[in-house]
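Structural features, examined
Read off the chains here:
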Amino acid sequence: MKGILLVNTGSPESCERPDVKAFVTEMLSDPLVMTVADWFRPILVKGIIVPLRQFASTAHYSLIWDKKHKCSPLIYHAYKLAGKLEVAAEATVEVAMRYAKPDIESALKRLVERNKHLHEVIVLPLFPQYAESSYKTVVDEVCRVFSLKPYPFRIKIIEPYFNHPAYIKALTQTITPYLEKDFDKLIFSFHS
């Protein structure tokens, strides 16, 4: 039987300053995200960026935080997607984040607990395009965690799918209603 692991960047556990600070510190400490010399990264992250940005970042997370569901929109929608995919694919689906929780190791453990007959886990980094700071760091971390102990299944990692016809069709269907409106420019962005 197959399982699916959806992996995204992550989110603080709450929109409180200590959680935001911990999340931003963890993410910016990744050499694939903050591409500076290894000796300089801790100085830059812990000595300059996080102390200066923690309050503004906390304010930004507070603005988008899903107070109804008591979590970040990223986490909430990832679990909604997992639930729908589980039904559509008839497979066990779990969610993991590269930084913070739910972490990759715990998600792999939940997959095994929920389906004792897994022989393959399909890892889907939720980034259509390749970038070291998103896709590669997720793949590297999944492989690192997977290598730490013997899992009863193999993993298959989905390659970037920015040009896959099904992805393009889904984007087209999503954006079509907005094309009927009057606008000067249409801007596409993969971030924020």
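Shown above is the structure to which this text applies.
Residues numbered from 1 in each chain as written. Predicted model: local features only at pLDDT ≥ 70, side-chain atom pairs only at ≥ 80, totals over all residues. Heavy atoms only, no water.

So, the nonpolar core
Our working rule: Here, nonpolar core means buried Ala, Val, Leu, Ile, Met, Phe, Trp, Tyr and Cys residues that are tied together by side-chain atoms lying within 4.5 Å of each other. Partly exposed describes any residue whose relative accessible area lies between the buried limit of under 20% and the exposed limit of over 50%, with all areas from a 1.4 Å probe on protein chains only and scaled to the type maximum. Helix numbering and strand numbering both begin at the N terminus, where a helix is a DSSP run of H or I of at least 4 residues and a strand a DSSP run of E of at least 2. Contacts were defined at the residue level, with two residues in contact if any of their heavy atoms lie within 4.5 Å.
Counting 18 residues, the largest nonpolar core has Leu5, Val7, Ile104, Leu108 and Val121 as the members making the most contacts within it. When contributions to this core are tallied by element, the ones reaching two or more residues are β1 (2–10), α4 (104–114), β3 (120–125) and α5 (132–147). Among the elements that make up this core, the one with the highest residue count is α5 (five residues). What leucine 108 contacts, discounting residues up to four positions off in sequence, is Leu5, Val145, Tyr151 and Phe153. Core analysis: the second largest hydrophobic core is formed by 12 residues, Ile75, Val93, Val95 and Met97 among them.

Quick notes on unusual backbone geometry
Of note, the bond from lysine 101 into proline 102 is cis; its omega dihedral lies within 30 degrees of zero at 5°. Checked against the element boundaries, proline 102 lands in the loop between β2 (92–99) and α4. Positive phi, normally seen in glycine, also occurs at glutamate 90, with a value near 50°. Among the structural elements, glutamate 90 can be located in the loop between α3 (73–89) and β2.

Here's the deal with helix α1 (residues 17–28)
The following threshold applies: By definition here, a helix of n residues has an expected span of 1.5 Å times n minus one.
Taking 1.5 Å of rise per residue, the 12 residues of α1 would be expected to cover 16 Å, and the 16 Å separating its terminal C-alpha atoms lies within 8% of that figure. Contact partners of the buried residues in α1: β1, α2 (41–64) and β2.

Focus on the state of the cysteines
Selection rule: Disulfides are defined as pairs of cysteine sulfur atoms found within 2.5 Å of each other.
One pass over the full model with this rule turns up zero disulfides. Between cysteine 71, a free cysteine, and cysteine 15, which holds the nearest cysteine sulfur, the sulfur-to-sulfur gap is 11 Å.

Considering the sheet that holds β3
For the record, the criterion: The criterion for strand pairing is that DSSP finds at least two bridges linking the strands in question. Axes here mean lines fitted to C-alpha atoms, for a helix over just the part in contact, with angles spanning 0 to 180 degrees between N-to-C directions.
Read from one edge of the open sheet, four strands run β2-β1-β3-β4, paired in parallel fashion. Among the strands making up the open sheet, the edge pair consists of β2 and β4 (154–157). Direction aside, the axes of adjacent strands within the sheet are offset by 25° on average. The pairing of β1 with β2 spans seven bridges and is classified as parallel. Across the sheet, residue isoleucine 4 finds its bridge partner in β2, namely valine 93.

Describing the environment of valine 24
You can see valine 24 is positioned in helix α1. Classification of valine 24 by relative accessible area gives buried; the value is 12%. For the pair valine 24 and proline 12, spaced 12 residues apart in the sequence, the C-alpha separation amounts to 8.0 Å.

Here we look at the pattern of salt bridges
To keep things clear, this is the line we draw: Whenever a carboxyl oxygen of Asp or Glu lies within 4 Å of a side-chain nitrogen of Lys or Arg, that contact is scored as a salt bridge.
Evaluation of the coordinates by the stated rule reveals 10 salt bridges. The shortest N-O distance in the salt bridge between arginine 98 and aspartate 30 comes to 3.3 Å. Taken together, the residues arginine 98 in strand β2 and aspartate 30 in the loop between α1 and α2 connect sequence positions 68 residues apart. The pair arginine 98 / aspartate 30 is uniform in exposure class, with both members buried. Close ionic contact of arginine 41 with aspartate 38 constitutes a salt bridge, the shortest N to O distance being 2.8 Å.

Some words on the side chain of glutamate 94
Mapped onto the fold, glutamate 94 is located in strand β2. On the basis of relative accessibility, which here comes to 6%, the residue glutamate 94 falls in the buried class. Ignoring sequence-local partners within four residues, the contact set of glutamate 94 consists of Ile4, Leu5, Leu6, Ala107, Arg110, Leu111 and Arg114.

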